[in-house]
Amino acid sequence: MATDTGIDSARILREQYKDGSNLSARIRLHQRFSTNRYGFFRWMFDRIQIPESARVLEIGCGTGVLWRGSAAVPRGWRVILTDMSGGMLDEARANLAQLDRSFAYSQADAQELPFQDASFDAVIANHMLYHVPDIPRALKEVGRVLKPSGFCYAATMGLASMREMDELGARFFSIHRMTGSAAKFGLESGEPYMRAAFGEVKLERYPDSLAITEAAPLMDYICSMRVRTRITDEQIAALRAHVENEIATYGAIRMTKDAGMFIARR
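Residues numbered from 1 in each chain as written. Predicted model: local features only at pLDDT ≥ 70, side-chain atom pairs only at ≥ 80, totals over all residues. Heavy atoms only, no water.

For the protein chain, the count of helices and strands is ten helices and seven strands. Residue burial in the protein chain is summarised as follows: out of 266 residues, 51% are buried. Taking contacts inside the protein chain between residues at least 6 apart in sequence as the whole, the part at least 24 apart equals 78%. Here the protein chain displays about 12500 Å² of accessible surface, and carbon together with sulfur accounts for 49% of that area. (Helix = DSSP H or I, 4+ residues; strand = E, 2+ residues; numbered from the N terminus. Buried < 20%, exposed > 50% of the residue type's maximum accessible area, 1.4 Å probe, protein only. Contact = heavy atoms within 4.5 Å. Areas by Shrake-Rupley, 256 points an atom, 1.4 Å probe, with all protein chains shown as cover.)

Turning next to the sheet that holds strand E6 (residues 200–212). Across a sheet, strands are paired by hydrogen bonds formed along the backbone, either parallel or antiparallel in direction. Strand order in the open sheet formed by seven strands is E3-E2-E1-E4-E5-E7-E6, with mixed pairing between adjacent strands. Only two strands of the sheet have a single partner each, and these edge strands are strand E3 (104–107) and E6. On average, each strand axis in the sheet is tilted by 20° relative to the strand beside it, whichever way the strands run. Note that E6 and strand E7 (residues 253–265) share 13 bridges and pair antiparallel. From the neighbouring strand, Val201 faces E7, where its bridge partner is Ala264. (Pairing = 2+ DSSP bridges. Axes fitted to C-alpha atoms, helices over the stretch in contact; angles between N-to-C directions.)

Let us look at the nonpolar core. Core analysis: the largest hydrophobic core is formed by 29 residues, its most contacted members being Leu57, Ile59, Leu129, Met194 and Phe198. Of all the secondary structure elements, the ones that give two or more residues to this core are strand E1 (55–59), strand E4 (120–126), helix H5 (135–145), strand E5 (146–157) and E7. No other element matches the five residues that H5 contributes to this core. Discounting chain neighbours no more than four positions away, the residues touching Ile59 are Thr82, Ala110, Leu113, Val123, Ile124, Ala125, Asn126, Met128 and Val142. (Core = buried A, V, L, I, M, F, W, Y, C linked by side-chain atoms within 4.5 Å.)

The tally for this structure, following the rule as stated, stands at 13 salt bridges. Close ionic contact of Arg163 with Glu164 constitutes a salt bridge, the shortest N to O distance being 3.8 Å. The exposure class assigned to Glu164 is buried, which follows from its relative accessible area of 18%. Note that Asp258 and Arg205 form a salt bridge whose closest N and O atoms lie 3.1 Å from each other. Note that Asp258 is positioned in strand E7 and Arg205 in strand E6, a separation of 53 residues in sequence. Judged by relative accessible area, which is 42%, Arg205 ranks as partly exposed. What emerges from the salt-bridge pattern is a single network uniting Arg47, Lys202 and Glu204. (Salt bridge = Lys/Arg side-chain N within 4 Å of Asp/Glu carboxyl O.)

For helix H4 (residues 86–96), the full list of buried residues reads Met88, Leu89, Ala92 and Leu96. What you see down the axis of H4 is that its buried residues fit within an arc of 95°, all on one side. On its buried side, H4 packs onto helix H2 (21–33), strand E2 (78–83) and E3. Capping of H4 at its N-terminal end is provided by Ser85; its side-chain oxygen lies 3.3 Å from the backbone amide nitrogen of Gly87. (Arc of directions from axis to C-beta. Polar contact = N/O pair within 3.5 Å; in protein donor to acceptor, adjacent residues only side chain to side chain.)

With that settled, the discussion passes to the packing of aromatic side chains. What the rule picks out here adds up to twelve aromatic pairs. Considering the side-chain rings of Phe40 and Phe41, the 6.3 Å spacing of their centres and the 65° angle between planes classify their relative orientation as edge-to-face. Overall, the relative accessible area of 14% leaves Phe40 in the buried class. Here Phe40 and Tyr206 contribute two aromatic rings whose centre-to-centre distance is 5.4 Å and whose plane-to-plane angle is 80°, an arrangement assigned as edge-to-face. (Phe/Tyr/Trp six-rings, centres within 6.5 Å; stacked < 30°, edge-to-face > 60°.)

A few words on the pairing of E3. Successive residues of a regular strand alternate their side chains across the two faces of the sheet. Where E2 meets E3, four bridges bridge the pair, whose relative direction is parallel. The residue bridging Leu81 from the neighbouring strand is Tyr105, located in E3. As for the winding sense of the linkage, the β-α-β connection from E2 through H4 to E3 is right-handed. (Right-handed = clockwise from strand over helix to strand, strands pointing away.)

We now examine the side chain of Ser85. In this fold, Ser85 is placed in the loop between E2 and H4. A polar contact is formed between the side chain of Ser85 and the backbone nitrogen of Gly87, at a distance of 3.3 Å.

Laid out in C-alpha cells, this is it:
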C-alpha cells in the first residue's frame, strides 16, 4: 500500500507550492463546478467586518486568487500579501497587476511575521494553516500583529470535504487519504487552536458541492497531487477511463464540499 510515511513533508510542501500550477488546478475545479454559484471568496468578504480604511494582511496568499474580481473589497483597505514561496508571490503580483488597486508583497513565514505588533486590523488565512508546521506559533504571531480590536479570518475545510476523492484514491491508488489536510487544521480540529490564541471565536460554514461534468479538470486536480501521493501513469489511465465512463453514464461526478471560516478576535 502506498502511503506518505517516511516522506519529508517539508520537501513535499516545497515541491507542491514552488509555483502556482498545482494550486491553480485545484482552484479551477472548484470555480467551474461548484453548485453554490455565490462564490466562497465573495461569501468570505461578506463576513469581514472591519473599517474601510483598514490595514489587512493575508498570510499564505498563494497566487492572489482571493483578491481577483472581488468587488466587495473596500478601496480604502491597505493590503499586504505574504507567502513563503517566492514563485507564488511572483504569480500573485502578475495576477493582480491589472487591478485598479495596489497591493504590497512580502515573502514571509507565518510562524515569524516581519511586522510590528498591533499593526493590522485583520489577518486572513485562507485554506493554509493546515500547511504550517507549528500552528500555535503561527496563531500567536497573528495575534501579535493584530490590533486589540482586530480580527483573524481563518478559512478551512471539514473532514467530509472531497470524501469521494478519497474513495477514488483508495480504489485506484491504494491511498486512503488524498485530502487529509482537514485532520490537521479543519472545521472540526481547528477550534481548539483558535480558542487557545483568541478570546472570541465563532465558526461559519459555507454550503456547497461539486457536480463535475468534464473529465479533464478532475484529472488535472488529481495529477496536481502526484508528488504527495506517488501516483503512476498506469493508475492515472485507469482512473481516467473510470471518470469518463461515470460522466457518460450519469452526466456528472458529484463530490461533497465542506468549507467554512473561523472568525476570531483578541
